[in-house]
Amino acid sequence: MRTIIFNCRALTMNQAMPEATAAVTDGEEILYVGSDSQALSFAHKDARIIDARGGSLLPGFNDSHMHLLGFGLHLRTIDCREFTSISSLQEQVAERASMTPQGEFIVGRGWDQNKWPGGRYPCRFDLDSAAPNHPVVLFRACGHVLVANSLALQLAKVDATTLDVLGGSFDRTEQGELTGVLREKAMEYVYVALPEITPHQISQALAQAAGYAVSRGLTTVQTHDGSGSEWQQIVQMYQTLKLPLRVNVLFNLDREQILLDGEHMLAINAKNSDRLGVKTIKIMADGSLGARTAAMSEPYTDDPLNKGLSYYTQDSLNALVSAAHQAGFQVAIHAIGDFTAEQAIRAIESAQGSNKTRRHRLIHCQVLRRDLVERMARAGIVAEIQPIFVTTDLHWTKERIGKERLSFAYAWKSLLEFGVQCAGGSDCPVETMDPLAGITAAVTRTDGSGYPSGGWLPREKLSVREAIALFTVGSAYAEHMETIKGQIKPHFAADLVLLEGDIEAVPPLEIKNMRVKMTMVAGRVVFEQS
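Below: a short report on this structure. Remember, it's a predicted structure, so these values are computed and weren't measured experimentally. (Residues numbered from 1 in each chain as written. Predicted model: local features only at pLDDT ≥ 70, side-chain atom pairs only at ≥ 80, totals over all residues. Heavy atoms only, no water.)

Digging into the sheet that holds strand 15 (residues 218-227)
- Here we have 8 strands laid out as an open sheet, ordered 8-15-16-17-18-19-20-21, and parallel in their pairing. A single partner strand is all that each edge strand has here, and the edge strands are strand 8 (61-66) and strand 21 (422-424). Mean inter-strand twist for the sheet, computed between neighbouring axes without regard to direction, equals 25°.
- As judged from the 3 bridges shared by strand 19 (residues 361-364) and strand 20 (residues 382-385), these two strands associate in the parallel manner. In the strand pairing of strand 20, I363 is matched with E384.
- On the sheet, helix 8 (residues 230-241) packs against strand 15, strand 16 (246-252) and strand 17 (276-284) and is oriented at approximately 155° with respect to strand 15. (Pairing = 2+ DSSP bridges. Helix = DSSP H or I, 4+ residues; strand = E, 2+ residues; numbered from the N terminus. Axes fitted to C-alpha atoms, helices over the stretch in contact; angles between N-to-C directions. Contact = heavy atoms within 4.5 Å.)

Digging into the pattern of salt bridges
- For the structure shown, the criterion picks out 33 salt bridges.
- Residues R183 and D171 are paired through a salt bridge, measuring 2.8 Å at the closest nitrogen-oxygen approach. Residue R183 is located in strand 14 (residues 178-184), and its partner D171 is located in strand 13 (residues 168-172); the two are separated by 12 residues in the primary sequence. Accessibility classification places R183 together with D171 in one group, the buried group.
- Connected through shared salt-bridge partners, D338, E342, R346, E349, R369, D371 and R375 make up one network. (Salt bridge = Lys/Arg side-chain N within 4 Å of Asp/Glu carboxyl O. Buried < 20%, exposed > 50% of the residue type's maximum accessible area, 1.4 Å probe, protein only.)

A short note on helix 8
- An ideal rise of 1.5 Å per residue puts 16 Å on 12 residues; helix 8 measures up with 17 Å between its terminal C-alpha atoms.
- Buried residues belonging to helix 8 abut helix 2 (68-74), helix 7 (199-215), strand 15, strand 16, helix 9 (255-272) and strand 17.
- Within two residues after helix 8, K242 carries a phi angle of roughly 50°, on the positive side. (Expected span 1.5 Å × (residues − 1).)

Details of the sheet that holds strand 13
- A sheet is described by the order of its strands in space; here 6 strands give the open sequence 9-10-11-12-14-13, paired in mixed fashion. Looking at strand neighbours, the two that pair on one side only are strand 9 (78-79) and strand 13, the edges of this open sheet.
- With 5 bridges joining them, strand 10 (residues 106-111) and strand 11 (residues 136-140) adopt parallel strand pairing. Within strand 11, the residue paired with I106 across the bridge is V136.
- Lying on the sheet, helix 3 (residues 86-98) is in contact with strand 9, strand 10 and strand 11; it crosses strand 10 at an angle near 155°.

A short note on the side chain of Q113
- Relative to the helices and strands, Q113 is located in the loop between strand 10 and helix 4 (124-130).
- A polar contact of 3.0 Å, which involves the side chain of Q113, links it to the side chain of R140.
- Filtering out sequence-adjacent residues up to four positions away, Q113 remains in contact with G119, R120, Y121, R140, G290 and R400. (Polar contact = N/O pair within 3.5 Å; in protein donor to acceptor, adjacent residues only side chain to side chain.)

Have a look at this one:
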């Protein structure tokens, strides 16, 4: 079908033609970009003609880092993001327990002790009093820490004699009792005790999450959805569901799995890469800043005996990255602390040598140093960043890492200035997947209320176009698709989002409130606001 969109303000992300007033799509591609009069000349009796009424036409948004399945499953659990105290958490758990058959798991996600008076972590005793007859597991907002009640710990076969593991720990009282707080790799004990998710539940979750995504203007999601042997089941699910957007799926695989399944994965990618990519290995290498588990080269300012948790030795990370690189994969390494960032950069430098074609990525890049940024630029490493994080983290980052380390914290502008390619993501369900919220955060560097005036670390603010580029051409570049999508340009994929209003004319804090009028994927309208 041919579609003509005119009377718009098209920000094309194409440097040869940065702006236009109209675009024409034909089939799955963009046919023309330019003036209204020329675009309307492409009309025929079956063409759909859309008057954009001055709205912004942008390349379809591409989230470089999120968890589509995790978000879909999250919709079925307790949403803990708005809890303002441990007592409010207990109230919601008790309410859910009253509606849940005795003995069934109660699961939730999103709590953040930084939002509560005193900042105390919840413990198993808090949950025991709220739901003594149900196993309860509540994940922190970052997903790197959980709290479980006594019954859940019992089902997970975790007790006071259980030892900490490499890359994970169990919080304990001064008397050695478990508090119920599990960090990083220690959480795997609880994972195996949780009820298995059925294929039907997975398909429902993915369909619901994808519907929400296109309503927010997303036309591609790069999603981290599983590990190990799960990858084949999840890929098959994506192939069967035929979701209304493009998907690039990343999996956590160890070295042995890469050697065993890598060829099969890349064959799937070669066959389906325009709609279903399977070409990137996710590597979890440290924790989160909010939970003080991100691995730092120096101790946390507000926890002087703690440098965080590192998942790998340098040698083991080198071996994993090398195996992935040699097998033909791109790696995306979760690295929040500067210690882990340096580990990851060393591993990539060692694996790729002068062959920088894989475009290996560092995920989050929240605490860096000048020398690390320079090495990222030289090695061609892509920074996979989440501007939306600043809306929460600006309130406590300085107390975590001190003033000196702020100079390269959440340093999006600096990364661009040093020549590092950046891709924008949300890490949903940690934060909202709405790209307009991420763009607002990148431009203003404030929380939802506009605090602080002028922005937090304001030299790192981005222009509106720089922020849009993160979620369009930047994310396309990260997945080797910048010659196919991410720009409004003839012969590119007809992946578009139409907003109500001019994104460069509204007050920056209002960008997040702009309405998505239409989302188009491969020339087909997949969402339209009535």
